[in-house]
Amino acid sequence: MFGAGGGTNSYEEIEKTELILLWGSNAREAHPIFFHHLLKGVRNGARLVAVDPRRTSSVRWADTWAGLDVGSDIALANAIGREILAAGLENREFIAHATEGVEAYRAGVEKYTLAYAERETGVPAAVIRDVAHRWARAKTGMICWTLGITEHHNAVDNVLSLINLALLTGKVGRYACGLNPLRGQNNVQGGGDMGALPDRLPGFQHVENDAFRAKFEKAWGVKIPPQRGWHLSAMFAAMERRELRALWVLGENPLQSEADQNHARHLLEGLDFMVAQDMFLTKTAELADVVLPAAAGWCETDGTVTNSERRVQRVRKAVVPPAGARDDIEILYAVAKRLGHDWGTPSAEGIWNEVRSLSPVHAGMSWARLEAEKGLQWPCYDEKHPGELFLHSRLWERPLNGPKVSFHAVEHDPPVEKLTAEYPFRLTTGRRLEEYNTGVQTSGYAAPMRRGESLDLSPEDAAKLGVKSGEKVRVSSRRGTVEVAARVDEGLRPGLTFMTLHFPDDVATNLLTIDAVDPRSGTAEFKACAVKVEKLPAT
């Protein structure tokens, strides 16, 4: 949409904005550092609207909860957009100056009436209307989202539906206005910035652009394939076709993090060769032909990380890695040398200077500046540039600086797996504050809040099943079955259940989840599968 893969705003702006739409994100538990900034905003007078199927712990601070049905985000966003247009509350000046495609968008959302949206989403029409009017009338506002939007078979369209709302009201390119995907793990933003994307070189420079590719080819002395590569889901599809025969896994545990674990195991075991480079012997690493023990990036190495506000910060080596473990950079350099490419002695600062020489948005971030200024935000074009507090201010320049941005008319498309009489419950997945992903980094340590895996049920569903918290149930999907303790959660509505992937050795939740994939982003529909629940006899 905007050509830059990062959040548009800084943390300080969430503290100063007037209205926050927290959409598909239990930020208190999944993004607690960011949530502290959000709470400062609430305490400074910001109104918080939480759009989430569950009444999560984040919702406690919201003055409005739009509890929508899983997978109905586009219907809700389109209805909000239609109401803004019908009430004449759109920012016509901004739309005319900086955007295109609004008439196609207007036509596309016309059928998304308040009544239709209430039927499709479960959110009362009065709530939808109220959110629309508040969003349009607010002088400043920000939309923040996470995996609740993106772990769907139509992830990209979900995000586009939210971008449309920002364009419709001119809430982008200004202070305390913007669109912010919250990064769920340390340095996810930095990974994308450095080219860990199938279609981008460092600095979000498209690999299919001849000029960008030529610059990197000259610096690296190699030819770069002119077509985009595979994202993770496409890699698994290529394994199935036997086009991908070898895999190098760095700091990832796909056996326990990918949807449909049985299928993932089958494909990983079918590889000709797999290397696992990790600081833990994960279940994925146990399948590998070679395991390369790696150092802990946050305390045993030097380098940089980039957070959700695009701030690049130094990482400093505090302790020496244990015997046998090596810095990821050292491992890669050593393997390259064995393959006939001597890159010299690895140096974090030297590699960073190479990044600066090739990525214009990082050019002004010298090692010394990163140290002295405790981090800088990209884009930072030269050593006098302070780094951008927020992105896309060009949209307000007159005359317009650069191309217009487009509205995208997108259609409501419910979850791939429908509920049936046999599989009547919707299972959605997420995180808890005290745990992390597949538990590789957390499950080996005692935690006072830890309670293990559970199937969370609404009080109404628990009563129908005759189940009390702590009693065992069998949960089955069309792909697999697990046995797990039930837990009654008053934050769930009837028909909706919830689990995490934090305890895969005890309860393999991803035996249940479906690997329906968004073709553009490659994300699987972790947020929506159909299950049945059966009470097990007491033992």
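The paragraphs below set out a description of the structure included in this document. (Residues numbered from 1 in each chain as written. Predicted model: local features only at pLDDT ≥ 70, side-chain atom pairs only at ≥ 80, totals over all residues. Heavy atoms only, no water.)

## A closer look at the sheet that holds strand β13 (residues 311-315)
Right, so step 1: Taken in spatial order, the three strands of this open sheet run β12-β13-β14, and their pairing is antiparallel. This sheet does not close on itself; its edge strands, each paired only once, are β12 (303-306) and β14 (376-377).
Right, so step 2: Judged from the two bridges that link them, β13 and β14 form a sheet pairing that is antiparallel. Considered in β14, the bridge of valine 312 is made with leucine 376. (Pairing = 2+ DSSP bridges. Helix = DSSP H or I, 4+ residues; strand = E, 2+ residues; numbered from the N terminus.)

## Some words on the packing of helix α4 (residues 73-86) against helix α8 (residues 125-137)
Right, so step 1: Axis separation between α4 and α8 bottoms out at 9 Å; the angle between their running directions is 60°. For the pair α4 and α8, the sense of crossing is right-handed. Judged by residue contacts, Leu76, Ala79, Ile80, Glu83 and Ile84 of α4 engage Ile128, Arg129, Val131, Ala132, His133, Trp135 and Ala136 from α8.
Right, so step 2: Considering only residue class, the contact of α4 with α8 consists of nine nonpolar, one polar and two charged. (Axes fitted to C-alpha atoms, helices over the stretch in contact; angles between N-to-C directions. Left-handed = near helix turned anticlockwise from the far one by under 90°. Contact = heavy atoms within 4.5 Å. Nonpolar A, V, L, I, M, F, W, Y, C, P; charged D, E, K, R; others polar.)

## Observations concerning the nonpolar core
Right, so step 1: Grouped together as the largest cluster of nonpolar side chains are 50 residues, with contacts concentrated most on Trp23, Ile80, Ile84, Ile128, Ile143, Trp145 and Leu165.
Right, so step 2: What tryptophan 145 contacts, discounting residues up to four positions off in sequence, is Trp23, Ser25, Thr150, Val159, Leu162, Leu179, Asn180, Pro181 and Leu182.
Right, so step 3: Listed in part, the 21 residues of the second largest apolar core include Val467, Val475, Val484 and Ala508. (Core = buried A, V, L, I, M, F, W, Y, C linked by side-chain atoms within 4.5 Å. Buried < 20%, exposed > 50% of the residue type's maximum accessible area, 1.4 Å probe, protein only.)

## Some points on the pattern of salt bridges
Pairing between side chains of opposite charge can happen when their charged atoms approach one another.
Right, so step 1: Under the counting rule described, the total for this entry stands at 40 salt bridges.
Right, so step 2: Of the charged contacts in the structure, one is a salt bridge between aspartate 69 and arginine 493, with a shortest N-O distance of 3.1 Å. Of this pair, aspartate 69 sits in the loop between β3 (64-66) and α4 while arginine 493 is found in the loop between β19 (481-488) and β20 (496-500), placing the two residues 424 residues apart along the sequence.
Right, so step 3: Arginine 493 gets classed as partly exposed once you look at its relative accessible area, which sits at 24%.
Right, so step 4: In the salt-bridge network here, residues are joined through shared partners; they are Arg47, Asp63, Asp130 and Arg134. (Salt bridge = Lys/Arg side-chain N within 4 Å of Asp/Glu carboxyl O.)

## Digging into the pairing of β20
Right, so step 1: Within β20, five of the five residues are buried, which leaves it mostly tucked inside the rest of the structure.
Right, so step 2: Sheet topology places strand β16 (residues 425-430) next to β20; five bridges connect them, and they run parallel. Following the sheet pairing, threonine 429 is matched in β20 by methionine 499.

## Points about the sheet that holds strand β5 (residues 141-145)
Paired through their backbone hydrogen bonds, the strands of a sheet run either parallel or antiparallel.
Right, so step 1: Strand order in the open sheet formed by five strands is β3-β2-β1-β5-β6, with parallel pairing between adjacent strands. Taken across any chain shown, the strands that pair with only one partner, and hence form the sheet edges, are β3 and β6 (178-181). The mean inter-strand angle of the sheet, taken between neighbouring strand axes irrespective of direction, is 15°.
Right, so step 2: Here strand β2 (residues 47-51) runs beside β3; their pairing, made up of three bridges, is parallel. Counterpart to valine 49 in the pairing with β3 is threonine 64.
Right, so step 3: Contacts from helix α10 (residues 155-169) reach β1 (19-23), β5 and β6, with the element oriented near 175° to β5.

## Description of the packing of aromatic side chains
Two measures describe an aromatic ring pair: the distance that separates the ring centres and the angle between the ring planes.
Right, so step 1: Enumeration over the complete set of coordinates arrives at nine aromatic pairs.
Right, so step 2: The interplanar angle of 75° and the centroid separation of 6.5 Å between the aromatic rings of tyrosine 175 and phenylalanine 390 together place this pair among those described as edge-to-face. Placement of tyrosine 175 in the loop between α10 and β6 and of phenylalanine 390 in the loop between β14 and β15 (405-406) is noted, with a sequence separation of 215 residues between them.
Right, so step 3: The ring of phenylalanine 498 is capped by arginine 54, whose NZ or CZ atom sits 3.6 Å from the centre of that ring.
Right, so step 4: Here arginine 310 stacks its cationic end above the ring of tryptophan 378, 5.7 Å away from the centre of that ring. (Phe/Tyr/Trp six-rings, centres within 6.5 Å; stacked < 30°, edge-to-face > 60°. Lys NZ or Arg CZ within 6 Å of the ring centre and 35° of its normal.)

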